[in-house]
Amino acid sequence: RMQRTPYLYITGGDPILHPRLWDLLELLHRRGIPFTLMGNPFHLTTDACQRMRMLGCRKYQLSLDGLRRTHDSFRKPGSYDRTLQAIATLREAGIHCAVMSTVSAANIDEIPELIDVVVEHKVDIFAFGRYCPTKSDHARADKNWHMTSERYRELLDRCWQKFEQYKDAGTTFSLKDHLWTLYLYERG
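Residues numbered from 1 in each chain as written. Predicted model: local features only at pLDDT ≥ 70, side-chain atom pairs only at ≥ 80, totals over all residues. Heavy atoms only, no water.

In this section: the overall build of the protein. Within the protein, the regular secondary structure consists of 8 helices and 6 strands. Starting at the N terminus and ending at the C terminus, the protein contains elements arranged as β-α-β-α-β-α-α-β-α-β-α-α-β-α. The dimensions of the protein, computed from C-alpha atoms along their principal axes, are 50 × 40 × 35 Å. Within the span of the protein, comprising 188 residues, buried residues form 43% of the whole. Of all intrachain contacts in the protein linking residues separated by at least 6 positions in sequence, the fraction that spans at least 24 positions is 73%. Total accessible area on the protein is roughly 11100 Å²; 49% of this is exposed by carbon and sulfur atoms. Charge separation in the protein, taken as the distance between the mean sites of 27 positive and 23 negative side-chain charges, equals 7 Å. (Helix = DSSP H or I, 4+ residues; strand = E, 2+ residues; numbered from the N terminus. Buried < 20%, exposed > 50% of the residue type's maximum accessible area, 1.4 Å probe, protein only. Contact = heavy atoms within 4.5 Å. Areas by Shrake-Rupley, 256 points an atom, 1.4 Å probe, with all protein chains shown as cover. Lys, Arg positive; Asp, Glu negative; His and termini not counted. Charge placed at Lys NZ, Arg CZ, Asp CG, Glu CD.)

The axes of two packed helices give the description: the angle between them and the distance between them. Close contact between helix H7 (residues 149-165) and helix H8 (residues 179-187) brings their axes to 11 Å; oriented N to C, the two are set at 70°. In this view, H7 runs roughly perpendicular relative to H8, as classed from their interaxial angle. Side by side, H7 and H8 meet where Tyr152, Arg153, Leu156, Asp157, Cys159, Trp160 and Phe163 of the first sit next to Leu179, Trp180, Tyr183, Leu184, Glu186 and Arg187 of the second. Tallied by class, residues from the contact of H7 with H8 come to 9 nonpolar, no polar and 4 charged. (Axes fitted to C-alpha atoms, helices over the stretch in contact; angles between N-to-C directions. Parallel < 35°, antiparallel > 145°, perpendicular 65-115°, else oblique. Nonpolar A, V, L, I, M, F, W, Y, C, P; charged D, E, K, R; others polar.)

Bringing the state of the cysteines into the picture now. Here the structure, examined in full by the defined rule, presents 0 disulfides. There is no disulfide at Cys49, and the cysteine sulfur nearest it, in Cys57, is 8.2 Å away. Here Cys49 falls in the buried class, since its relative accessible area comes to 0%. (Disulfide = S-S within 2.5 Å.)

Looking at chain direction, strand S1 (residues 8-11) and strand S2 (residues 35-38) are connected through 4 bridges and run parallel. Opposite Ile10, over in S2, you have Leu37 as the bridge partner. Following the backbone out of S1, through helix H1 (residues 21-31) and into the adjacent parallel S2, one traces a crossover that is right-handed. (Pairing = 2+ DSSP bridges. Right-handed = clockwise from strand over helix to strand, strands pointing away.)

When you tally the buried positions in helix H5 (residues 111-120), you get 7 out of 10 residues, the bulk of the element. On its buried face, H5 is in contact with helix H4 (79-92), strand S4 (96-103), strand S5 (125-130), H7 and strand S6 (172-173). At the C-terminal side of H5, Lys122 shows a positive phi close to 60°.

A few words on H1. Among the residues of H1, Leu21, Trp22, Leu25 and Leu28 are the ones counted as buried. One side of H1 holds all its buried residues, which, seen down the axis, span an arc of 120°. Exposed residues pointing more than 90 degrees away from the buried face of H1 are listed as Arg30 and Arg31. Where H1 is buried, its residues meet S1, S2 and helix H2 (46-54). (Arc of directions from axis to C-beta.)

With that out of the way, let us pick up the sheet that holds strand S3 (residues 57-63). Ordered in space as S1-S2-S3-S4-S5-S6, the 6 strands form an open sheet in which the pairing is parallel. Every interior strand has two partners, whereas the edge strands, S1 and S6, have only one. The pairing of S5 with S6 spans 2 bridges and is classified as parallel. When the sheet's bridge partners are listed, Ile125 is paired in S6 with Thr172.

Laid out in structure tokens, this is it:
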């Protein structure tokens, strides 16, 4: 009625593991509804990626929450390397690859180097957002995820320098965090 085509974001865990995923993707394909999948890399085989592309998958979003040791400590051992492999598999199938990072005190210093990694692996879109701790996170003495606003501002500056360095590299840097608006205003 609105003369608009919907666009769906399908997420998990791992949406590929849902027993009816392929039925849903077939339905979306028949109706001409574009979609993005957001999940982990463990079942992104060449066959699965080619099938997703054939059914209209435009983009797959993965997470990289730091460099190898940090990311694997958040996720599970081996997931960093598996994510980098999945980027290549997605791109070979013709699916755009987006990488999202969640920034906390645990990984803030790794984000600029992570930008080098995603550019090197020809990621199509890279974005990050701040971790927002919950009340129970604040109560846990063993985990300090909080960052000061000054430290986060320094990160934005370091990342902006990287974005400028790689502006012609083919990776789009999505300024997802609303604090980018303030940062860009400050820069004029």
